Amino acid sequence: MALLRKINQVLLFLLIVTLCGILYKKVHKGTMLRNEADDDSETPEEMEDEIPVVICAAAGRMGAAMAAINSIYSNTDANILFYVVGLRNTLSRIRKWIEHSKLREINFKIVEFNPVVLKGKIRPDSSRPELLQPLNFVRFYLPLLIHQHEKVIYLDDDVIVQGDIQELYDTTLALGHAAAFSDDCDLPSSQDIHRLVGLQNTYMGYLDYRKKTIKDLGISPSTCSFNPGVIVANMTEWKHQRITRQLEKWMQKNVEENLYSSSLGGGVATSPMLIVFHGKYSTINPLWHIRHLGWNPDTRYSEHFLQEAKLLHWNGRHKPWDFPSVHNDLWESWFVPDPAGIFKLHHPNS
């Protein structure tokens, strides 16, 4: 009996040691996943309160992402966790820009995007080559980059946020919807679409309806399009509906059949999203996506209207850090100078 009791004690001791080892590994793994720029570990409650914002920092326009981050951080008291996505050769520069500027106080994680996942999925297109940059497709892969959050905000880098990002995060997504976007037919009256010559706001402007594959979708060409430069996404629904896989399928179909191109509408990233999310998305308050500021350098909006806007988006060719552009004073007020001196403004008075 004494021997049996001794054996039981040894087994109990080994069980306790094993459990301690498992717990240690879990805690250790959790610490490795936290923000590298923050030495304080996060409690589950703090993670629940975080608002994850995904934004890409491309080599040639990194100043855009930094200005966007600055505007978001400065206009909210919410706990923001910035996921700053870049390619491998830019990661150290992203970190230096944040840590050696006024952005050093932000909570952030730098995420590498590997363009290998796009191999064979992008059709070469010369009309607007900038739209084929790998980071333009990061929005397709949100669940692969962001793991611990149920709800995520994705923003293009050429935006400025003037409202409290908490409001955008609180956007209601209907049951079964993986994302919310801004409808192109819901532009506020002050942003008169007829003044923006050549602007497309229907599926006809993005998809080639001469192709049988597009016709077979049964989507009317006059259906209102949406802009995926601002996205509020539900990661659970996204994964459940295999959104990423669906988007990749349409990218591959485009390579084979040339169903859309950057010469149409908003280019190669918008078109597959229009197909996959057709009739299955919620809408964002129009003031949270005032866009087309980069469409025409001769078209300006009233200052009062722009002050009311919660988010400004310079989508189009005319970016606010370049010349010519409009309302660049609004963007420049959030610009964070590059500590390395590489990114410079291209304005006549700069």
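Notes on the structure follow.

Reading guide: rules and limits
Residues numbered from 1 in each chain as written. Predicted model: local features only at pLDDT ≥ 70, side-chain atom pairs only at ≥ 80, totals over all residues. Heavy atoms only, no water. Pairing = 2+ DSSP bridges. Helix = DSSP H or I, 4+ residues; strand = E, 2+ residues; numbered from the N terminus. Contact = heavy atoms within 4.5 Å. Axes fitted to C-alpha atoms, helices over the stretch in contact; angles between N-to-C directions. 1 Å grid on protein atoms, 1.4 Å probe; cavity = no way out; pocket = protein on both sides within 12 Å on 5 of 7 lines; lining within 4 Å. Points joined across faces, edges and corners; volume = space filled by probe spheres on them. Disulfide = S-S within 2.5 Å. Buried < 20%, exposed > 50% of the residue type's maximum accessible area, 1.4 Å probe, protein only. Expected span 1.5 Å × (residues − 1). Arc of directions from axis to C-beta. Parallel < 35°, antiparallel > 145°, perpendicular 65-115°, else oblique. Left-handed = near helix turned anticlockwise from the far one by under 90°. Nonpolar A, V, L, I, M, F, W, Y, C, P; charged D, E, K, R; others polar. Core = buried A, V, L, I, M, F, W, Y, C linked by side-chain atoms within 4.5 Å. Phe/Tyr/Trp six-rings, centres within 6.5 Å; stacked < 30°, edge-to-face > 60°.

### Regarding the sheet that holds strand E7 (residues 226-234)
Then comes step 1: Pairing is mixed across the open sheet formed by 7 strands, whose spatial order is E3-E2-E1-E4-E7-E6-E8. Because the sheet does not close on itself, it has two edges, and the strands there are strand E3 (107-112) and strand E8 (282-283).
Then comes step 2: In the packing of helix H3 (residues 62-74) onto the sheet, the strands contacted are strand E1 (51-56), strand E2 (80-86) and strand E4 (151-155), and the crossing angle to E1 comes to about 160°.
Then comes step 3: Contacting E2 and E3, helix H4 (residues 91-99) crosses the sheet at an angle of about 170° to E3.

### Details of empty space enclosed by the protein
Then comes step 1: The tally for this structure, following the rule as stated, stands at 1 cavity of 30 Å³ or more.
Then comes step 2: Taken as a whole, the largest cavity encloses approximately 40 Å³ of empty space.

### Here we look at the state of the cysteines
A disulfide bridge is the covalent bond that connects two cysteines by way of their sulfur atoms.
Then comes step 1: Inspection of the entire model under this criterion finds 1 disulfide.
Then comes step 2: Each disulfide pairs two cysteine sulfurs, and for Cys185 the partner residue is Cys224, the sulfurs being separated by 1.9 Å. Disulfide Cys185-Cys224: the torsion about the S-S bond is 125°, which places it as right-handed. Placement of the pair is Cys185 in the loop between strand E6 (179-183) and helix H7 (212-215) and Cys224 in the loop between H7 and E7, with a sequence separation of 39 residues.
Then comes step 3: Overall, Cys185 belongs to the partly exposed group, its relative accessible area being 43%.
Then comes step 4: With relative accessibility at 17%, the residue Cys224 sits in the buried group.

### Points about the environment of Leu217
Then comes step 1: By the element assignment, Leu217 lies in the loop between H7 and E7.
Then comes step 2: Judged by its relative accessible area of 28%, Leu217 is partly exposed.
Then comes step 3: Measuring from C-alpha to C-alpha, the distance between Leu217 and Ile275 comes to 8.3 Å, with 58 residues separating the pair along the chain.

### What about helix H9 (residues 243-257)?
Then comes step 1: With 15 residues, H9 ought to run about 21 Å at 1.5 Å a step, and its terminal C-alpha atoms sit 21 Å apart, in line with that.
Then comes step 2: Three or more residues of H9 are buried, namely Ile243, Thr244, Leu247, Glu248, Trp250, Met251 and Asn254. Buried residues of H9, seen end-on, are gathered within an arc of 165° and therefore sit on one face of the element.
Then comes step 3: Looking at the packing, one finds that the buried side of H9 touches helix H5 (142-145), H7, helix H8 (235-240) and helix H10 (270-276).

### As for the packing of H3 against H4
Then comes step 1: At a minimum axis distance of 11 Å, the contact between H3 and H4 shows a crossing angle of 40°. Considering the angle they form, H3 stands oblique to H4. Every pair of crossing elements has a handedness; the one defined by H3 and H4 is right-handed. Residue-level contacts link Met62, Gly63 and Met66 of H3 to Arg93, Ile94, Trp97 and Ile98 of H4.
Then comes step 2: The residue inventory of the contact of H3 with H4, partitioned by class, reads 5 nonpolar, 1 polar and 1 charged.

### Section: the pairing of E6
Then comes step 1: Of all 5 residues in E6, 5 are buried, a share of seventy percent or more.
Then comes step 2: When E6 meets E8, the two strands line up parallel, connected through 2 bridges. Across the sheet, residue Phe181 finds its bridge partner in E8, namely Thr283.

### What about the nonpolar core?
Then comes step 1: In terms of nonpolar packing, the biggest core is built from 54 residues, with Leu155 and Ile165 touching the most fellow members.
Then comes step 2: A total of 8 residues in this core trace back to one element, the largest contributor, which is H3.
Then comes step 3: Setting aside its immediate chain neighbours within four residues, Ile165 contacts Val53, Ile72, Thr76, Ile80, Ile153, Leu155 and Trp288.
Then comes step 4: Counting residues in each nonpolar core, the second largest holds 47 residues, with Val111, Tyr209, Leu259 and Ile275 among its members.

### Observations concerning the packing of aromatic side chains
Then comes step 1: One pass over the structure, following the stated rule, counts 13 aromatic pairs.
Then comes step 2: Consider the rings of Phe226 and Tyr281, whose centres lie 4.6 Å apart with planes at 55°: the pair is tilted. Placement of the pair is Phe226 in strand E7 and Tyr281 in the loop between H10 and E8, with a sequence separation of 55 residues. Take Phe226 and Tyr281: they sit in the same class, and that class is buried.
Then comes step 3: When the ring of Phe335 is compared with that of Phe343, the centres are 5.8 Å apart and the planes differ by 40°; the resulting orientation is tilted.
Then comes step 4: Phe343 gets classed as buried once you look at its relative accessible area, which sits at 8%.
Then comes step 5: Chaining the aromatic ring pairs together yields one cluster made of Trp97, Trp321, Trp331, Phe335 and Phe343.

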